[in-house]
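Chain by chain, the residues run as shown.
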Number of protein chains: 2
Amino acid sequence: MTDFEKLDNLNLMIQAAEKSATLIRANFRQSHAFEDKASHQDIVTQTDLQSQQSLKDILTQGMIALKYAESEIGFVAEESQQDNLQTHNFIIDPLDGTSNFASGIPHACISVGYAENEEIKIGVVLDPFSETLFWGEKNQGSFLKSKLLGEKTLKLQAKPVQEWMIAAHFNSKDSSVAAKQFEQYKQLYPHIRGLRNIGSLTLDLCWQADNIFDVVLNQGCYFWDLAAASVILREAGGELFDLSGSPLQFDWQNSKQPYAFMSCHPENKAKFEELSK
Amino acid sequence: MTDFEKLDNLNLMIQAAEKSATLIRANFRQSHAFEDKASHQDIVTQTDLQSQQSLKDILTQGMIALKYAESEIGFVAEESQQDNLQTHNFIIDPLDGTSNFASGIPHACISVGYAENEEIKIGVVLDPFSETLFWGEKNQGSFLKSKLLGEKTLKLQAKPVQEWMIAAHFNSKDSSVAAKQFEQYKQLYPHIRGLRNIGSLTLDLCWQADNIFDVVLNQGCYFWDLAAASVILREAGGELFDLSGSPLQFDWQNSKQPYAFMSCHPENKAKFEELSK
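Residues numbered from 1 in each chain as written. Chains lettered and ligands numbered in written order. Predicted model: local features only at pLDDT ≥ 70, side-chain atom pairs only at ≥ 80, totals over all residues. Heavy atoms only, no water.

A few words on the overall build of chain A. A count of helical and extended segments in chain A gives 7 helices and 14 strands. Relative to its length of 277 residues, chain A is compact, with a C-alpha radius of gyration of 18 Å against a globular reference of 19 Å. With respect to the principal axes defined by its C-alpha atoms, chain A has extents near 55 × 40 × 40 Å. Across the 277 residues of chain A, 58% fall into the buried class. Expressed as a percentage of contacts within chain A between residues at least 6 apart in sequence, the contacts between residues at least 24 apart total 63%. Just so you have it, chain A exposes about 11000 Å², and 45% of that area is on carbon and sulfur atoms. A distance of 5 Å separates the average location of the 24 positive side-chain charges in chain A from that of its 37 negative side-chain charges. (Helix = DSSP H or I, 4+ residues; strand = E, 2+ residues; numbered from the N terminus. Rg over C-alpha atoms; globule rule 2.2 N^0.38 Å. Buried < 20%, exposed > 50% of the residue type's maximum accessible area, 1.4 Å probe, protein only. Contact = heavy atoms within 4.5 Å. Areas by Shrake-Rupley, 256 points an atom, 1.4 Å probe, with all protein chains shown as cover. Lys, Arg positive; Asp, Glu negative; His and termini not counted. Charge placed at Lys NZ, Arg CZ, Asp CG, Glu CD.)

So, in structure tokens, the structure goes:
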């Protein structure tokens, strides 16, 4: 058992994510028991549920060891029936990229955000396959650590349009939205370097903070997909905009609220809007 | 220097690919000197050129050590101006996924096919980031080795449509083809689990041999993208079909010939055609 008293909140979150990473790697490419949620494109595996339980257990025990009252600890988690917002809240996606995981694509992550009341203070995202850790703390910057790249501070640059990589997806719940997305991508495509759909929105946003993606587009995501990664991206200098062009706001009273957004370096927003007209 | 006389052709190819993998990892996320080839979507980096030179040097030296006459050794390579087909031919893509590499996406591979006259006998594909090696030998099967998955024989299964992952891309040279691809994907999308565009066709085909992808679609690829991976996929039980539905044939007299194909388990071909109507 970890000596939680030696940890601060950030390191507690990293510890919890690493435990889930071990679990996800151990279950990868084993028999994929899964159930459809809303549709055959929206599935949950036993691994999502195990990872979520492990995160909740470790975070709760760790917070208690850090002298927080258990009654003040809240969770919003993807695979839960109900939210439980308190003073100290964790917003959890136990396995972002479930379809990848179920199909054997080694690209997914664990996402843990920490909020005091309704202000997200810390984001931790861990890719268990490349063993890349992304984290950000409000007003303290965001960072990456991996075997391949070492440790570095993340700072988004505004690249020219012809070098843009755009992370995109197709809405799995509303086929009329998906059809419009295909039209938008068809229009954008000739101007940019490439479009990628790799299957984990949370990692798309972290990769954007690391200057891999220049624009991330998504219509059909949730608070737990975005909470941790939004701190990481914003601390790197990026912004998420809702479809009216305003900085994306979270609805803390309704975690089931779906979001649509585009994210980019603020200097590239006008260029993107021009290309999408 | 390797003692080439201890190697057979397969192990020589693996040795050459491993040298290029070291080079690609060392250059990853360094300054990305690149030049446009046909367009801003078709680029070549110094790393492509260095990898190709390294592959040619090692393969030539190794074949000579194996007592082949230098005059009998030929190459078809992506970054070459002219082909040089002989009795013993290597078909090389020194870095499949150049746009990924240049944008910092750790998903690319080295591809080396070996042909006696015009028959491809061996395919070797190495992902330098996940350190996954795929190989196939005609009539001997195909195999994978990685730290994550160990070593295993590849055998393609015919999964039900609602579990299909389709690997797709958008043609970068002909916008009318790209527009038709967007239409096709829009039609297929509601029936399947997901569409992915990860940025390395050669790895798409190897992942298909490993049951990650159920269908791979591409319109605008070349001999060097396909040569090695086609052996690996066919030995796993998959097939590549041209747009008329016949098994894909290579034009050995013209390596600049672009190809369009779909690949799948033969039992799934009719289902795919039904969905694409």
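Structure shown, so let's carry the discussion forward.
Right, let's talk about the sheet that holds strand β5 (residues 109-116) of chain A for a bit. Residues and elements named next belong to chain A. If you trace the 7 strands from one edge of the open sheet to the other, you get β3-β4-β5-β6-β7-β8-β9, paired in mixed fashion. What marks the edges here is a single partner per strand, and that holds for β3 (73-77) and β9 (150-153). The sheet shows a mean angle of 15° between the axes of neighbouring strands, taken without regard to direction. The pairing of strand β4 (residues 88-96) with β5 spans 7 bridges and is classified as antiparallel. Paired with Ile91 across the bridge in β5 is Gly113. (Pairing = 2+ DSSP bridges. Axes fitted to C-alpha atoms, helices over the stretch in contact; angles between N-to-C directions.)

On to the packing of aromatic side chains. With the rule as written, the count across this model stands at 28 aromatic pairs over all chains. With a centroid separation of 4.9 Å and an interplanar angle of 45°, the aromatic rings of Phe223 of chain B and Phe250 of chain B are classed as tilted. One end of the pair, Phe223 of chain B, is in helix α6 (residues 223-235); the other, Phe250 of chain B, is in the loop between β13 (239-241) and β14 (259-264), with 27 residues separating them in the sequence. By relative accessible area, which is 15% here, Phe250 of chain B ends up buried. An aromatic cluster is present here, built from Phe170, Phe182 and Tyr185 of chain A together with Tyr189 of chain B joined pairwise through their rings. A cation over an aromatic ring shows up here: Lys269 of chain A above the ring of Phe241 of chain A, its NZ or CZ 4.8 Å from the ring centre. (Phe/Tyr/Trp six-rings, centres within 6.5 Å; stacked < 30°, edge-to-face > 60°. Lys NZ or Arg CZ within 6 Å of the ring centre and 35° of its normal.)

Here we take up the environment of Asn117 of chain B. Residue and element names in this part refer to chain B. Note on placement: Asn117 falls in the loop between β5 (109-116) and β6 (119-127). Using a relative accessible area of 46% as the deciding quantity, one classes Asn117 as partly exposed. Residues in contact with Asn117, not counting those within four places in the same chain, are Gln86, Thr87, Asn89 and Trp252.

The next point concerns helix α4 (residues 175-188) of chain A. All names here are of chain A. Between its first and last C-alpha, α4 extends 20 Å over 14 residues, near the 20 Å set by a 1.5 Å rise per residue. Those residues of α4 that fall on the buried side of the exposure criterion are Val177, Ala178, Gln181, Phe182, Tyr185 and Leu188. Take α4 and look down its axis: the buried residues cluster within an arc of 145°, on one side only. (Expected span 1.5 Å × (residues − 1). Arc of directions from axis to C-beta.)

Further remarks concern the interface of chain B and chain A. Of the residues lining the interface, 45 residues belong to chain B; the matching set on chain A comes to 45 residues. Of the roughly 3800 Å² buried between chain B and chain A on both sides combined, carbon and sulfur atoms contribute 59%. Interface area lost by chain B to chain A is led by Phe182, Tyr189 and Arg193 of chain B, which between them contribute 18%. Summed over the shared surface of chain B and chain A, the number is 4 salt bridges. (Buried area = accessible area lost by both parts, 1.4 Å probe. Salt bridge = Lys/Arg side-chain N within 4 Å of Asp/Glu carboxyl O.)

Our focus in this paragraph is the nonpolar core. Membership of the largest hydrophobic core comes to 82 residues, with the highest contact counts inside it found for Leu226 of chain A together with Leu226 of chain B. Here Leu226 of chain B is in contact with Leu201, Leu205, Cys221, Leu240, Leu248, Phe250, Tyr259 and Phe261 of chain B, once residues within four sequence places are set aside. Listed in part, the 38 residues of the second largest apolar core include Ala178 and Tyr189 of chain A together with Trp164 and Tyr189 of chain B. (Core = buried A, V, L, I, M, F, W, Y, C linked by side-chain atoms within 4.5 Å.)

Here we take up the environment of Asp48 of chain B. Residue and element names in this part refer to chain B. Relative to the helices and strands, Asp48 resides in helix α2 (residues 46-65). You can call Asp48 buried: its relative accessible area is 0%. Distance in space between the C-alpha atoms of Asp48 and Asp127 is 14 Å, their sequence separation being 79 residues.

Take the pairing of strand β12 (residues 215-221) of chain B next. Look at any regular strand and the pattern is simple: side chains alternate between the two faces of the sheet. Residue and element names in this part refer to chain B. With respect to burial, β12 is a largely interior element, 5 of its 7 residues being buried. Here 2 bridges tie strand β10 (residues 165-167) to β12, and the two strands are oriented parallel to one another. Note on β12: the bridge partner recorded for Ala167 is Val216. As judged from the 5 bridges shared by β12 and β14, these two strands associate in the antiparallel manner.

Turning next to the packing of α4 of chain A against helix α4 (residues 175-188) of chain B. Axis separation between α4 of chain A and α4 of chain B bottoms out at 10 Å; the angle between their running directions is 165°. The orientation of α4 of chain A with respect to α4 of chain B, classified from their angle, is roughly antiparallel. In this structure, α4 of chain A meets α4 of chain B at a crossing whose hand is right-handed. Where α4 of chain A abuts α4 of chain B, its residues Ala179, Phe182, Glu183, Tyr185 and Lys186 of chain A lie against Ala179, Phe182, Glu183, Tyr185 and Lys186 of chain B. Counted by class, the contact of α4 of chain A with α4 of chain B contains 6 nonpolar, no polar and 4 charged residues. (Parallel < 35°, antiparallel > 145°, perpendicular 65-115°, else oblique. Left-handed = near helix turned anticlockwise from the far one by under 90°. Nonpolar A, V, L, I, M, F, W, Y, C, P; charged D, E, K, R; others polar.)

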